[in-house]
Amino acid sequence: MSAKLRIAIQKSGRLNDDSIRLLRECGIEINNGQQKLKAEAYNFPLEVFFLRDDDIPQYVEDGVADIGIVGENVLLEKGRKAKMIERLGFGKCRLSLAIPRNEKYKSVQDLNGKRIATSYPNLLKRYLKKQHITAEIHEISGSVEIAPGIGLADAICDLVSSGSTLLTNGLREVETVLQSEAVLVANHNLNNEQQRILERLIFRLHAVRKARHNKYILLNAPDKQLPEIISLIPGMKSPTILPLAQKGWSSVHSVIQEDEFWDIIERLKAAGAEGILVVPIEKMIL
Ligand code: PRT
Ligand code: ZN
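Residues numbered from 1 in each chain as written. Chains lettered and ligands numbered in written order. Predicted model: local features only at pLDDT ≥ 70, side-chain atom pairs only at ≥ 80, totals over all residues. Heavy atoms only, no water.

A.B. asks: Any chance you could explain the domain arrangement of the protein here in plain terms?
C.D. replies: Many authors give the size of an interface as the accessible area that is lost as the parts come together. Once the domains are mapped, the protein shows domain 1 (5–91 + 181–211), domain 2 (93–180) and domain 3 (214–280). Relative to domain 3, the C-alpha centre of domain 1 lies at a distance of 39 Å. (Domains from an automatic or database assignment.)

A.B. asks: Explain unusual backbone geometry to me, please; I cannot follow it from the model alone.
C.D. replies: For residues that are not glycine, phi is negative in most cases, and the peptide bond is trans in most cases. You will see that His-132, though not glycine, has its phi angle at about 60°, which is positive. On the secondary structure map, His-132 appears in the loop between α4 (121–130) and β8 (136–139). Phi is positive for Ser-143, close to 45°, though the residue is something other than glycine. Topologically, Ser-143 is positioned in the loop between β8 and β9 (155–160). (Helix = DSSP H or I, 4+ residues; strand = E, 2+ residues; numbered from the N terminus.)

A.B. asks: Looking at this model, I keep getting lost on a nonpolar patch on the surface. Mind explaining?
C.D. replies: A contiguous nonpolar surface patch, about 260 Å² in accessible area, is contributed by Ile-146, Ile-150 and Leu-152. Along the chain, Ile-146 turns up in the loop between β8 and β9. (Patch = residues over 30% accessible without salt bridge, like charges linked within 9 Å, V, L, I, M, F, W, Y side chains within 5 Å. Areas by Shrake-Rupley, 256 points an atom, 1.4 Å probe, with all protein chains shown as cover. Salt bridge = Lys/Arg side-chain N within 4 Å of Asp/Glu carboxyl O.)

A.B. asks: Looking at this structure, how should I read the pattern of salt bridges?
C.D. replies: If the charged atoms of two oppositely charged side chains come close together, the side chains can form a pair. For the structure on display, the rule yields 15 salt bridges. Note that Glu-40 and Lys-4 form a salt bridge whose closest N and O atoms lie 3.3 Å from each other. Taken together, the residues Glu-40 in strand β2 (residues 38–40) and Lys-4 in the segment before β1 (5–10) connect sequence positions 36 residues apart. Glu-40 sits in the partly exposed class, given a relative accessible area of 40%. For Lys-4, a relative accessible area of 26% corresponds to the partly exposed category. The residue Glu-72 makes a salt bridge to Arg-87 at a minimum N-O spacing of 2.7 Å. With Glu-72 in helix α3 (residues 72–78) and Arg-87 in strand β5 (residues 83–87), this pair connects stretches of sequence that are 15 residues apart. The exposure class assigned to Arg-87 is partly exposed, which follows from its relative accessible area of 43%. (Buried < 20%, exposed > 50% of the residue type's maximum accessible area, 1.4 Å probe, protein only.)

A.B. asks: Can you help me understand α4 in this one?
C.D. replies: Listed as buried for α4 are Pro-121, Leu-123, Leu-124, Tyr-127 and Leu-128. Projection of α4 onto a plane perpendicular to its axis shows the buried side chains occupying an angular sector of 165°, all on one side. Seen from the open side of α4, the exposed residues pointing more than 90 degrees away from its buried face are Arg-126, Lys-129 and Lys-130. Here the buried face of α4 lies against α3, β6 (93–100), β7 (115–118), β8, β9 and β10 (171–180). Positioned one or two residues after α4, His-132 has a phi angle of 60°, which is positive. (Arc of directions from axis to C-beta. Contact = heavy atoms within 4.5 Å.)

Quick look at the structure:
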């Protein structure tokens, strides 16, 4: 039997869709039937385990799965020995401390002696220690945001993304304990074959990520304006210039970064560029 890499991803929840989408963008198709515990990729040596996110760090540490996709918050809270390979750019959130909206708050010192409800006792304990705060940690597994309202705690430490859960529960964010996003993790003792498959996967991940940050740009320009226009486009090497049927005009093709995009477009127009097209790139291999 040829070697396979086993990846653990969240079975259902906030990271499930994006994890599957990322694999698909890497050209890996899996049959994600509902209620399945595992599935094989059709066209890549990958076996996918669908698990609760909380279990993923342990499975990867124990080598039941070779790699996994999990929130950094879960990885660090569980304190499992898995190697962090890549940040994946989705599942972004922060672990924050929040207090009732009308409570006075000047600094982290105000948390001294307070009761704090959280599902992240280890991360919170570490944070409080670093800040020299003594507080009582109440570990609860869900609906942390209601704890102050029912008198169970004075403050909470929970994940926040839009902030609307805090708002609807009359709470306000006062400190950030951790910034988090989904990460790719790996077992520390992969064999050579597994390591090679992981490297093929990482190669594809990089191509997908690079493509996301870049756009393909096409434009027409009068030949006499070409030197100025070319100087405005950073490009990968140098732009491709093709003559147009109309004499004295050329078509310029290149790649620009998403974040330089608006600035460059305006300057290109001012330099005489016309018919500018900016199109997404699916994969980019340098
Ligand atoms: O069943 P399983 O155990 O696998 O899933 P789960 O219910 O434990 O996790 P899930 O699916 O809710 O979250 C999975 C991961 O998504 C988390 O570990 C984070 O890494 C990431 N993530 C990103 C979030 C959020 N954003 C998020 N907003 N996880 C949870 N929330 C919750 C938060 O706890 C709070 O209740 O959403 C609420 C706050 O959201 P806002 O938008 O109102 O601020
Ligand atoms: Zn969970």
